[in-house]
Amino acid sequence: MGRLSTLFAPERVAVVGATDSEGSVGHAVTTNLLDSFAGEVVAVNPNKETVLGLPCYDNLAGLEDPGSVDVAVVVVPPTVAVDVIENAGEAGIENVVVITAGFGETGSDGAEREQRLREAARKYDLNLVGPNSLGVMSTPVGLNATFGNEMASDGDISFMSQSGAFITAVLDWAAERDVGFKDIVSLGNKAVLDESDFVAEWGDDPDTDVILGYLEDINDGSSFVQTAREVTQDTPIVLVKSGRTDAGASAAASHTGAMAGSERAYEAGLDKAGTLRVESVQELFDYAQILAGQPLPDGDEIAIVTNAGGPGVMTTDAVGDSDLQLAQFGDKTFSRLREEMPDEANIYNPVDIIGDAPAERFETALETVLADDNVSMAVVVACPTAVLSFEELSERVVEQQERFEKPVAATLMGGKSVDAGANVLSEAGVPNYFDPARAVGSLDALRRYREIRATEYEEPTTFDVDRERAREILESGARRGSNRLGVEAMELLDAYGIPTPQGDVVSSPVEAEAIAEEIGDDVVMKIVSPDILHKSDIGGVEVGVPVEDVRDTYEDLVVRARNYQEDATILGVQVQEMVDLDNGVETILGMNRDPQFGPLLLFGLGGIFVEVLEDNTVSVAPVSETEARGMLDDIDSAPLLRGARGRDPVDEATLVETIQRLSQLVTDFPAIVELDINPLVATPDGVQAVDLRLTLDQEKL
């Protein structure tokens, strides 16, 4: 166990604010502890001599041997809570649960109070839960240090929630479904301990088989990713993350920022962390039960055994909607099914053993398909009939699952008649669902977790780059007083080894002509202004300009820019080598810095239709070579990169390396808030970054 072991397995708990006034939080917490806690409960209240038969102490320092208190539960007004935390630290108490509300969730005064609470906890190196928390539970020692109305039943699931009300609802729901827990914590405001701390703790806990969480945000995305990646190699993490919204993306200055948004950052971050994300409480516990009770499959092939055609078809449809596949039986399996099943039965997958099937026929069919090496898992779908005992069926399903050690889920489709059988299955760790789609979805979760465990995480490549030159370019932009840079900063990409077309930004027609002559062919010319984001919309881009027209084109571009915005800052005109777009694919590569997870890379189909098609994928930087290559696979237009319709495939290796190099750039410079390379033209001969736009946070330079 880790540093929080005494928080969940204390021998002595003090309630600061204990009271015998019914209806109060202090009364509820003290009563809950007295009802179930195996250790000693100590009451602290300077206004009482006794509480619920316990002698009362004025403060923690006044206790006999205060250092022997493992956990102090604080239920006092917020105005004195910080003093109590100081008192706990001075007394040598390591764990504090602050149930009291009235902190950061209430406004500026509360936020200031929470900051003082945090400082006090850090001063004494306290493990502090909350504030604004329901409390903590741990079933092995009967710890119910909450003001909830339900004590959890024993189990091997540990659960954290950012909503205390969600915990009370879940416990009420779980009580009717025989779902048990090991530890439960209400995170509250997460002033000190957050989700990463509890994931780390439960990852080291041999009695926690599955970690569940309801989260509204994540304090430190990078820390969470690193911690969860380690934990999920042994212990699955299943999360509900609420707050699916793209509202924050509307204010972004770049294409990448507009298409990223916090929701996509969470999707990418939680995926990188190796967690299983679900959308409902039902899925949360469906996954938890099967992950805790069943082995991981060695393949994706599923067999269906049913006594009803319609539900069998429903189950087959669910398999089609998942990443599983119907198993193809071997000849030996067909022979035995043909021999053992009635003539009217369907011996192909899904196996329909028809409506008069007793438990013995189910057992024979299940035994036969599980014995097939082509079958990695099975689902048993049964509707009630006069000849079928669900209890007997469940016993036989359990026997066969244990014999073959392959994951099995059941769908007993009935009401009260299911209860006895469902209890048999539950005790053996075989999950049962009324809806066959839930059974298939849960088996698919086992497949997903198998892939997570098999993932080998590699360190990102570190390229030899000119970091100092890059810093000079960024600082020169900041010195101009602008937080937005464009093609005038193309040398930034050169410094990090990202190929760019030949060219330069010039400030006169004569210089423009000289660059065009040096290139020796028709050129592209673009107005360069931090105040004009969409240059093509105002006629600020000319393509295929011959050398003899370069001077006049320079003047035209400047005039158009002035007509569009008279006070715009004009840095000059970019004269650039033309890139062969006919032989390439226009992609976009960019970054938006997320407040939780840091730099969020975006890659996808680029060019002028980037915002219309929105064919892109995101990943949290820094990315490894495997992750960068996976970004190419993730977009729908990936066939265009690989030579669709007779086109030559692009140089994928260079494209993957370019993603990695940009990942290194934005990781090295936190001052880069947003960045777009659009288009990044990928050709069979390499890549060319044609255009650049970025936003700086000058205070971080």
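Definitions and limits used
Residues numbered from 1 in each chain as written. Predicted model: local features only at pLDDT ≥ 70, side-chain atom pairs only at ≥ 80, totals over all residues. Heavy atoms only, no water. Pairing = 2+ DSSP bridges. Helix = DSSP H or I, 4+ residues; strand = E, 2+ residues; numbered from the N terminus. Core = buried A, V, L, I, M, F, W, Y, C linked by side-chain atoms within 4.5 Å. Buried < 20%, exposed > 50% of the residue type's maximum accessible area, 1.4 Å probe, protein only. Contact = heavy atoms within 4.5 Å. Axes fitted to C-alpha atoms, helices over the stretch in contact; angles between N-to-C directions. Lys, Arg positive; Asp, Glu negative; His and termini not counted. Salt bridge = Lys/Arg side-chain N within 4 Å of Asp/Glu carboxyl O. Polar contact = N/O pair within 3.5 Å; in protein donor to acceptor, adjacent residues only side chain to side chain. Phe/Tyr/Trp six-rings, centres within 6.5 Å; stacked < 30°, edge-to-face > 60°. Lys NZ or Arg CZ within 6 Å of the ring centre and 35° of its normal. pLDDT = per-residue confidence, 0-100. Parallel < 35°, antiparallel > 145°, perpendicular 65-115°, else oblique. Left-handed = near helix turned anticlockwise from the far one by under 90°. Nonpolar A, V, L, I, M, F, W, Y, C, P; charged D, E, K, R; others polar.

### Here's the deal with the pairing of strand S29 (residues 686-689)
Sheet analysis places strand S28 (residues 672-683) next to S29, joined by 4 bridges and oriented antiparallel. Looking across to S29, one finds that Thr683 is bridged to Gly686. Joining the antiparallel neighbours S28 and S29 is a turn of 2 residues.

### Re the nonpolar core
The tendency in soluble globular proteins is for nonpolar side chains to be buried as a group. Leu33, Val185 and Phe198 are the most contacted members of the largest nonpolar core, which totals 51 residues. With residues near it in sequence (within four places) discarded, Val185 still touches Phe8, Val129, Gly135, Val136, Phe159, Met160, Ser161, Ile167, Phe198 and Trp202. One finds Leu134, Phe166, Ile302 and Leu446 within the second-largest nonpolar core, a separate group that totals 47 residues.

### Here we look at the sheet that holds strand S23 (residues 541-545)
Here we have 4 strands laid out as an open sheet, ordered S21-S24-S22-S23, and antiparallel in their pairing. Two strands in the sheet have a free side with no partner beyond their single neighbour: strand S21 (503-506) and S23. This sheet shows a mean twist of 20 degrees between the axes of neighbouring strands, independent of strand direction. Taken together, the 3 bridges between strand S22 (residues 523-528) and S23 define a ladder with antiparallel strand orientation. Following the sheet pairing, Lys526 is matched in S23 by Val541.

### What about the side chain of Asp70?
Looking at the element boundaries, Asp70 is found in the loop between strand S4 (54-57) and strand S5 (71-74). Arg12 provides the closest opposite charge to the buried, unpaired Asp70, separated from it by 7.8 Å. In terms of polar contacts, Asp70 uses its side chain to reach the backbone amide nitrogen of Glu11, at 2.7 Å.

### Some thoughts on helix H7 (residues 221-231)
Among all positions in H7, only Gly221, Phe224, Val225, Thr227, Ala228, Arg229 and Val231 are buried. The distance from a side-chain oxygen at the start of H7 to the backbone nitrogen of Ser222 is 3.2 Å, and the residue carrying that oxygen is Asp220.

### A few points about the side chain of Arg277
Positionally, Arg277 belongs in strand S14 (residues 276-278). Classification of Arg277 as buried rests on a relative accessible area of 16%. Reaching out from Arg277, the side chain makes a polar contact with the backbone oxygen of Lys241 at a distance of 3.1 Å. Polar contacts involving the side chain of Arg277 include one to the side chain of Glu263, which spans 3.1 Å.

### Concerning the packing of aromatic side chains
Taken as a whole and assessed by the stated rule, the structure comprises 13 aromatic pairs. Seen in terms of ring centroids, Trp173 and Phe285 are 5.0 Å apart; in terms of plane orientation they differ by 40 degrees. Their pairing is tilted. Here Trp173 is found in helix H5 (residues 164-175), whereas its partner Phe285 is found in helix H9 (residues 281-293), with 112 residues between them in sequence. Both residues of the pair, Trp173 and Phe285, belong to the buried class. Residues Phe329 and Phe334 carry aromatic rings whose centres are separated by 5.8 Å and whose planes lie at 65 degrees to one another, so their mutual orientation is edge-to-face. Taking relative accessible area as the criterion, Phe329 reaches 8% and is therefore assigned buried. Overall, Phe334 belongs to the buried group, its relative accessible area being 16%. One aromatic cluster is present, formed by Phe159, Phe166, Trp173, Phe181, Tyr214 and Phe285 through successive ring pairs. When the ring centre of Phe103 is taken as reference, the NZ or CZ atom of Arg113 above it lies at 5.9 Å.

### Points about the confidence of the model for the protein
Summary statistics for the protein give a mean pLDDT of 93 and a share of 97% for residues scoring 70 or more. Contacts for the low-pLDDT stretch residues 245-261, under 50 throughout, to residues beyond four places or in other chains number 42 contacts.

### Remarks on the packing of helix H6 (residues 195-203) against H7
Describing two packed helices takes the angle between their axes plus the distance from one axis to the other. Between H6 and H7, whose axes approach to 9 Å, the crossing angle comes to 15 degrees. Between H6 and H7, the angle is such that the two are roughly parallel. Of the two elements, H6 crosses H7, and the hand of that crossing is left-handed. For the pair H6 and H7, contact is made by Glu195, Ser196, Val199, Ala200 and Gly203 and by Ser223, Phe224, Thr227, Ala228 and Val231, respectively. The residue inventory of the contact of H6 with H7, partitioned by class, reads 5 nonpolar, 4 polar and 1 charged.

### Digging into the packing of helix H11 (residues 331-340) against helix H12 (residues 359-370)
Closest axis-to-axis distance for the H11/H12 pair is 9 Å, and the angle between their directions is 170 degrees. By the angle between their directions, the pair H11 and H12 is classed as roughly antiparallel. Packed against H11, whose contacting residues are Thr333, Arg336, Leu337 and Glu340, the element H12 presents Thr364, Ala365, Glu367, Thr368 and Val369 at the interface. A class-by-class count of the residues in the contact of H11 with H12 yields 3 nonpolar, 3 polar and 3 charged.

### Describing the pattern of salt bridges
Summed over the entire model, instances satisfying the criterion amount to 35 salt bridges. Note that Asp183 and Lys182 form a salt bridge whose closest N and O atoms lie 3.2 Å from each other. Given a relative accessible area of 8%, Lys182 falls into the buried group. A salt bridge links Arg396 to Glu360; the shortest N-O distance between them is 3.7 Å. You can see Arg396 sitting in helix H13 (residues 390-404) and its partner Glu360 sitting in helix H12, a full 36 residues away along the chain. Using a relative accessible area of 39% as the deciding quantity, one classes Glu360 as partly exposed. Through salt bridges with shared partners, a single ionic network connects Asp323, Asp444, Arg447 and Glu451.

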